[in-house]
Amino acid sequence: MNISIKNAPPADYDRGRHDGYVELLKEIEEKILPRFIVGKKHLENCRKINRGLIADGQMMPASSDDSSGFIPGSGNTFAYGVPGAGKTLIGLVFSKIYSLPFQRIQFTSDLLPSDLIGAHIFNQKIGDYEIRYGPLGKGRFILADELPRATPKTQSALLEVMESWSLSIWDASKKTDPQTQVFFVFATGNPIETEGVFPMSEALLDRFAQFLIFDHLNETEEMKQMLEIPKQYAAPESLIPTVMNEKKLVKLRNFRRSFVYLDEAGKDYMVRIVRATRDSAKEEKYFSGLKGYNKKDFPRLIKLGVSDRALGMFFGNLAMAETFRLGRLKTEPEDIKAVAADCLSHRLILSREGNSLRKEYYPYLRELEFKQLLIRKILDETPVYSKRKF
């Protein structure tokens, strides 16, 4: 595979190794996933999940094989869509492909934080307390099924592990047990049910790198699914091939961090995109093309824009992961545009006027889809290059 490199690569860059990683990712996306997942949009979302798995934190290693100062991952993904779209199946397939210890948590309103984290329990045989870990301590690929069904108290149990990749379990010394080098949360939720669900806090939403929308298949795809169902659901899990493991994934991530780069012009472009979501004075410039929009009736569509966390931890990492999986070293504007809507839209909070515009002129769009439309409008009106000199 021919990798495009616009600038001279570092002296220790191993092109053959990069080719090997890209071919491996291509095998997962083009050969393995289509055997178990039906639908063009579903497969596109799977490629985005793959992007999230190879994204990680900001800390740079000393070399491409060094894991010191390693942040396990910042590509946690929320799959938002109608029931029965195959979100749970997709999570299971990915956990098998990457050979990561899998833990599925079916969230309900009576679930407690200790059910997820674990507890300090007295063991009569040894006459002392010992820690019994919950699924967050045992798993490396966490499927948080129907996360909004849990109470805010239980949802908050995910906050620490998604932010710092550690678990705090009370004991006499207040120990914090560090997590492994790989930890990925794949959460699901659906827009249909309104009873027995709890709104997710903005702090928790902001810890998901990307939100992906899953919808019904088209007619042709549904017919294909009807033909594939016997093989798809009757097949044992052993038929899902393993092509990666935790150690290899760590090396892939380290290699990506060591050689894929985002230049100053790209960083400036990302900063301008994020700041545009907060600049209510310039909304007319970005949203004048929206149906029904005028500044007088809709003075402000976005109440709260994208956070600094999203810019510093998620946006750049996802863009560079997109660059890597496409076989390049330099992150280009098209990579930034490719991840922007999935990474930024769920962080926006609409104003009262924004919700009114959506309900009146875009009733066929769910709130998240309308927010994605706003991000795309901002991308359309934000020039790739500014006059700033570097």
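Residues numbered from 1 in each chain as written. Predicted model: local features only at pLDDT ≥ 70, side-chain atom pairs only at ≥ 80, totals over all residues. Heavy atoms only, no water.

## A closer look at the side chain of Asp268
Among the secondary structure elements, Asp268 is positioned in helix α11 (residues 264-276). On the accessibility criterion, Asp268 (4% relative accessible area) is buried. Of the polar contacts made by the side chain of Asp268, one reaches the side chain of Arg272; its length is 3.0 Å. (Helix = DSSP H or I, 4+ residues; strand = E, 2+ residues; numbered from the N terminus. Buried < 20%, exposed > 50% of the residue type's maximum accessible area, 1.4 Å probe, protein only. Polar contact = N/O pair within 3.5 Å; in protein donor to acceptor, adjacent residues only side chain to side chain.)

## Some words on unusual backbone geometry
Its identity is not glycine, yet Ser99 carries a phi of approximately 50°, on the positive side. Checked against the element boundaries, Ser99 lands in the loop between α3 (87-97) and β2 (102-106). The exposure class assigned to Ser99 is partly exposed, which follows from its relative accessible area of 38%. Positive phi outside glycine occurs at Glu146, with the angle close to 55°. Mapping Glu146 onto the fold places it in the loop between β5 (141-145) and α6 (152-155). On the basis of relative accessibility, which here comes to 15%, the residue Glu146 falls in the buried class.

## Here we look at the environment of Ser386
Here Ser386 is to be found in the segment after α16 (367-381). As for Ser386 and Asp268, which are separated by 118 residues in sequence, their C-alpha atoms are 7.9 Å apart. If near-sequence neighbours (up to four positions away) are discounted, Ser386 is found in contact with Asp268 and Arg272. (Contact = heavy atoms within 4.5 Å.)

## Some details on a nonpolar patch on the surface
Together, Met223, Met226 and Leu227 make up a nonpolar patch on the protein surface, roughly 350 Å² of accessible area in all. Along the chain, Met226 turns up in helix α9 (residues 219-234). For Met226, a relative accessible area of 55% translates into the label exposed. (Patch = residues over 30% accessible without salt bridge, like charges linked within 9 Å, V, L, I, M, F, W, Y side chains within 5 Å. Areas by Shrake-Rupley, 256 points an atom, 1.4 Å probe, with all protein chains shown as cover. Salt bridge = Lys/Arg side-chain N within 4 Å of Asp/Glu carboxyl O.)

## Some points on the packing of aromatic side chains
Each aromatic ring pair is described using two quantities: the centre-to-centre distance and the angle formed by the ring planes. Within the structure shown, the criterion is met by 17 aromatic pairs. Between the aromatic rings of Tyr21 and Phe324, the centroid separation amounts to 6.2 Å while the plane-to-plane angle is 45°, which identifies the pairing as tilted. One end of the pair, Tyr21, is in helix α1 (residues 15-36); the other, Phe324, is in helix α13 (residues 308-325), with 303 residues separating them in the sequence. We note that Tyr21, like Phe324, is buried. Look at Phe208 and Phe211: their rings are 6.1 Å apart centre to centre, the planes differ by 80°, and that puts the pair in the edge-to-face class. We note that Phe208, like Phe211, is buried. A network of ring pairs unites the aromatic residues Tyr13, Tyr21, Phe255, Phe259 and Phe324 as a single cluster. (Phe/Tyr/Trp six-rings, centres within 6.5 Å; stacked < 30°, edge-to-face > 60°.)

## Some points on the sheet that holds strand β1 (residues 77-81)
Within a sheet, neighbouring strands are paired by backbone hydrogen bonds and run either parallel or antiparallel to one another. Strand order in the open sheet formed by five strands is β2-β5-β8-β1-β9, with parallel pairing between adjacent strands. The open sheet has two free edges, formed respectively by β2 and β9 (210-214), since each of these has just one partner strand. Across the sheet, the mean angle from the axis of one strand to that of its neighbour is 20°, orientation sign disregarded. In terms of strand pairing, β1 meets strand β8 (residues 184-189) through four bridges, oriented parallel. If you follow Ala79 over to β8, its bridge partner there is Thr188. (Pairing = 2+ DSSP bridges. Axes fitted to C-alpha atoms, helices over the stretch in contact; angles between N-to-C directions.)

## Quick word on the packing of α1 against α3
Contact geometry for α1 and α3: axes closest at 11 Å, N-to-C directions at 130°. With respect to their mutual orientation, α1 and α3 come out oblique. Here α1 and α3 pass one another in a crossing that is right-handed. Contacts between α1 and α3 involve Ile28, Ile32, Leu33 and Phe36 from the former and Leu89, Val93, Phe94 and Ile97 from the latter. For the contact of α1 with α3, the per-class residue count stands at eight nonpolar, no polar and no charged. (Parallel < 35°, antiparallel > 145°, perpendicular 65-115°, else oblique. Left-handed = near helix turned anticlockwise from the far one by under 90°. Nonpolar A, V, L, I, M, F, W, Y, C, P; charged D, E, K, R; others polar.)

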